[in-house]
Amino acid sequence: MATTYAYFVDNLKATLEAGAIPTDVVPIGELSPGARADLIKDGRVVGMSCALKDRQYKGRNLWPLIASLLPTSITDGNRQQVAQSILSAVLTYPDEFLSRSETLPNGQGGSSIWAQDFEFAPGGLSQEEVDQVYAGVIAVLWAGRQVLGDAARIIPVPSSSLFKNLGNPDIATLLSSSGLLAPLQLTNLPLTNTQKGANGQWNVLSVMHHNGLIDGFLGQQYSINNPDALPGSISTDTRAFDGQDNLPYAILSSIQQLQSTTLEGPPWSSHYDGAMPFQAGVYFPDTIPATFNPAKELIPQQDGLISSAIATLQVTPDDVLLDLRSLDPLQRLTVNVGASREADFQSRVGFYVVQDAEGTVVDPVSGALIRPGDAGYQQAALSPRNSVTPLQGLEAEDDGSSDRQGTLQGGALIAPVVEVLEPGMEAIYFAFDAANPDGFNHFRRLGSNRIGMEDLPGGGDQDFNDLTMTFSFFDVR
């Protein structure tokens with residue numbers, strides 16, 4: 001059965017009995033084994049989220065329930081016993097946990113996935129307590145993988161605080177510490193994340209996927225009227241995901257968020273990537289409105305998690321660089337660019353390679369470094385040596401839009417430049433004040449990998465919607 005959307009419902013049993021979830025939607029919530037079996041028999045995919053004993057300790061910390069259960073080492077002889085003991089300790093109703101057999105698709109395509117809701121309240125916690133929270137989540141997912149096997153689909157539903165990695169967990173420490181997860185013998189990713197404050201570490205969800213604990217995730221993101229966290233999006237305060245790993249994911253929006261947000265929708269683009277049973281989700285704490293149609297609210301848009309690494313330097317509104325340096329120069333990835341225009345003047349945007357966040361370029365003749373404001377900067381920046389060919393000539397008609405797909409090479413840091421083509425107003429503007437004759441940055445970050453441009457001298461009305469570009473990146477290879 002083909003599906004696009006998932007509904008996470010607090011009172012799933014009653015909602016299903018009322019017939020409020022269409023058969024082409026994946027239901028997620030707490031259900032008895034018998035209720036799951038009925039759905040699976042009819043060819044449906046159902047997501048099971050078990051009740052957890054996560055309110056006993058500050059921050060929704062599960063680790064105090066687990067700490068004494070880990071032996072000095074895990075062997076084939078004790079692996080299943082340890083895993084079962086962890087699940088028994090953290091599940092309110094251990095008997096409701098999935099069986100291995102129900103996770104295998106039947107002849108009609110029906111099966112269960114483990115879509116466990118994990119919550120995290122980071123306020124007031126010490127670093128030790130933060131690391132314990134993340135260690136607890138990892139240990140539970142490790143236990144589930146041992147019990148369910150490699151063929152089961154494990155797609156957790158982490159709170160936004162968890163999938164953003166709030167509290168800045170020290171993954172290297174919690175994986176290697178004998179008092180935490182060292183007995184599980186999990187491995188960390190290389191410490192190559194250049195994002196400020198990450199200390200080289202990648203998102204904990206990337207680390208879990210790297211260790212085979214999860215097959216993807218459905219991330220909660222419920223912000224209302226936040227231009228940096230629109231429904232279906234990942235905000236720039238999220239710790240970047242490993243660009244070398246095409247981790248499948250989708251975003252879970254909430255019905256309150258969709259009903260209350262007035263910025264740029266509906267509908268909104270709901271970002272996703274990879275093979276999962278759904279491409280977007282909606283959370284309902286109560287009943288589902290009878291007239292609710294997810295397709296009128298959320299339009300799935302493919303956008304790989306490599307995009308989070310590419311946006312790591314987009315911190316302030318003036319920061320509009322696309323950072324491909326987490327990828328090797330021999331690697332390739334696909335880029336989609338959507339452009340829209342609200343301006344009388346025709347203009348074209350292109351991209352060029354810079355050497356640092358200050359916009360330094362290499363002179364194609366001498367090899368010397370030239371900084372914005374130095375003589376010869378424009379000529380060097382626009383030279384074929386520095387040009388990013390797939391991202392040249394981005395434009396749209398007035399009050400219109402355009403789309404383009406291309407292939408980019410990894411390993412570079414790239415910046416935008418605009419050529420204004422209006423007769424009598426011809427100009428070239430960069431994203432660096434010193435490079436422009438009016439001393440004004442003509443580009444503005446409007447969101448993660450979303451850039452606006454202003455085409456008038458001095459910034460004009462400074463609405464930065466003369467040309468708006470939205471970039472999606474995926475399929476690293």
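Above this text you will find the structure in question.
All figures in this text were calculated on a predicted structure; none of them were measured in a lab.

Criteria and thresholds
Each chain has its residues counted from 1, following the order in which its sequence is written. Local features in a predicted model are, by the rule used here, given only for residues with pLDDT of at least 70; side-chain atom pairs are given and counted only at 80 or more, and totals for whole chains, interfaces and linings are based on all residues. Neither water nor hydrogens contribute to the side-chain values; these are computed over all heavy atoms in the structure. Counting from the N terminus, the helices are DSSP H or I runs at least four residues long and the strands are E runs at least two residues long. Each radius of gyration reported is based on C-alpha atoms, and the globular scaling rule is 2.2 Å times the count of residues to the power 0.38. The buried label applies to any residue whose accessible area, calculated with a 1.4 Å probe on protein chains only, is under 20% of its type's maximum; exposed applies above 50%, and partly exposed to all values in between. Every residue pair with non-hydrogen atoms within 4.5 Å of one another is taken to be in contact. Accessible surface is estimated by sampling points in the Shrake-Rupley manner with a 1.4 Å probe; for residues, cover comes only from the protein chains shown. His is not counted here, nor are the chain ends, while Lys and Arg score as positive and Asp and Glu score as negative. Here the site of a charge means atom NZ of a Lys, CZ of an Arg, CG of an Asp or CD of a Glu. Each aromatic pair joins two rings of Phe, Tyr and Trp (for Trp, the six-membered one) with centres within 6.5 Å, and gets the label stacked for planes under 30 degrees apart, edge-to-face for over 60, and tilted for any other angle. Orientation is described by axes fitted as lines to C-alpha atoms, over the contacting stretch for helices, and by angles from 0 to 180 degrees between their N-to-C directions. For classification purposes, angles smaller than 35 degrees are called roughly parallel, those larger than 145 roughly antiparallel, those between 65 and 115 roughly perpendicular, and all remaining angles oblique. In this scheme the crossing of two helices becomes right-handed for a clockwise turn of the near helix relative to the far one and left-handed for an anticlockwise turn of less than a right angle. Excluding any residue in a salt bridge, patches collect residues exceeding 30% relative accessible area, merging like charges within 9 Å and nonpolar Val, Leu, Ile, Met, Phe, Trp and Tyr side chains within 5 Å. Any Lys or Arg side-chain nitrogen located within 4 Å of an Asp or Glu carboxyl oxygen qualifies as a salt bridge. Put simply, a nonpolar core is a bunch of buried Ala, Val, Leu, Ile, Met, Phe, Trp, Tyr and Cys residues held in one set by side-chain atoms that sit within 4.5 Å of each other. Throughout this description, a polar contact denotes any pair of N or O atoms lying within 3.5 Å of each other; where both atoms belong to protein, one of them has to be capable of donating a hydrogen while the other can accept it, and for residues adjacent in sequence the pair is counted only when both atoms sit in side chains. Pairing between two strands is assigned when DSSP locates at least 2 bridges connecting them. Seen with the strands pointing away from the viewer, any crossover whose path from the first strand over the helix to the second strand runs clockwise is right-handed.

Trainee: Looking at this structure, how should I read the overall build of the protein?
Mentor: Counting secondary structure elements, the protein contains 11 helices and 22 strands. Over its C-alpha trace the protein gives a radius of gyration of 24 Å, about what one expects of a compact globule, namely 23 Å for 477 residues. Referenced to the eigenvectors of the C-alpha coordinate spread, the extents of the protein come out at roughly 75 × 50 × 45 Å. Counting only residues that meet the buried cut, the protein has 54% of its 477 residues in that class. The long-range fraction of contacts in the protein, counting pairs at least 24 apart against all pairs at least 6 apart in sequence, stands at 70%. Accessible area of the protein: about 19,100 Å², with a carbon and sulfur share of 49%. The protein carries 27 positive and 54 negative side-chain charges, and their two centres are separated by 7 Å.

Trainee: Would you mind going over the packing of aromatic side chains with me for this structure?
Mentor: The description of two aromatic rings rests on the distance between their centres and on the angle between their planes. Taken as a whole and judged by the stated rule, the model has 16 aromatic pairs. Ring centres of Tyr222 and Tyr283 lie 5.6 Å apart, and the angle between their planes is 10°; on these two criteria the pair is classed as stacked. With Tyr222 in the loop between β7 (217-220) and β8 (249-254) and Tyr283 in strand β10 (residues 280-284), this residue pair connects regions lying 61 residues apart in the sequence. Overall, the relative accessible area of 27% leaves Tyr222 in the partly exposed class.

Trainee: I keep staring at the packing of helix α4 (residues 79-90) against helix α5 (residues 127-148) and nothing clicks. Help me out?
Mentor: Between two packed helices, both the angle of their axes relative to each other and the distance between the axes serve to describe the pair. Contact geometry of α4 with α5 gives a least axis separation of 8 Å together with a crossing angle of 125°. In terms of orientation, α4 lies oblique with respect to α5. Like other packed secondary-structure pairs, α4 and α5 cross with a definite hand, here left-handed. Contact residues: Arg79, Gln80, Val82, Ala83, Gln84, Ile86, Leu87 and Val90 in α4; Ala139, Val140, Trp142, Ala143, Gly144, Gln146 and Val147 in α5.

Trainee: Just to check I follow, could you spell out a negative patch on the surface for this structure?
Mentor: Together, Glu342, Asp344, Glu395, Glu397, Asp398, Asp399, Asp461 and Asp463 line one region of the surface with negative charge. Here Asp399 shows up in the loop between α11 (377-381) and β17 (401-409).

Trainee: Mind showing me how you'd approach the nonpolar core here?
Mentor: Most often, soluble globular proteins have nonpolar side chains that are buried together. Judged by nonpolar contacts, the single largest core of 96 residues is most densely connected at Trp114, Trp142, Phe351, Met469 and Phe471. Take this core: its biggest share by element is 13 residues, from α5. Residue contacts for Phe351: discarding those within four places in its chain leaves Leu322, Asn386, Ser387, Val388, Leu391, Gln392, Leu394, Ile414, Ala415, Pro416, Ile451 and Phe471.

Trainee: Even after reading the chapter, I still don't get the side chain of Asp363, so can you show me in this structure?
Mentor: Tracing the backbone through its elements, the reader meets Asp363 in the loop between β15 (361-362) and β16 (369-370). One buried charged residue, Asp363, forms no salt bridge at all, with the nearest opposite charge on Arg385 at 7.9 Å. From its side chain, Asp363 meets the backbone nitrogen of Ser366 in a polar contact 2.9 Å long. Contacts of Asp363, omitting those with residues within four sequence positions, involve Ala368, Ile370 and Ala380.

Trainee: Is there a simple way to explain the pairing of strand β2 (residues 26-29) in this structure?
Mentor: Note on strand geometry: in a regular strand, side chains alternate between the two faces of the sheet. Every second residue of β2 is oriented toward a common face, with Val26 and Ile28 on one face and Pro27 and Gly29 on the other, all of them buried. In this structure, strand β1 (residues 5-9) lies alongside β2, joined through 3 bridges in parallel fashion. Note on β2: the bridge partner recorded for Phe8 is Ile28. For the segment spanning β1, helix α1 (residues 12-17) and β2, crossover handedness is right-handed. Looking at chain direction, β2 and strand β3 (residues 45-48) are connected through 2 bridges and run parallel. When the sheet's bridge partners are listed, Ile28 is paired in β3 with Gly47. Viewed along the sheet, the connection from β2 through helix α2 (residues 33-41) into β3 turns out right-handed.

Any functional reading would require information that these geometric values do not contain.
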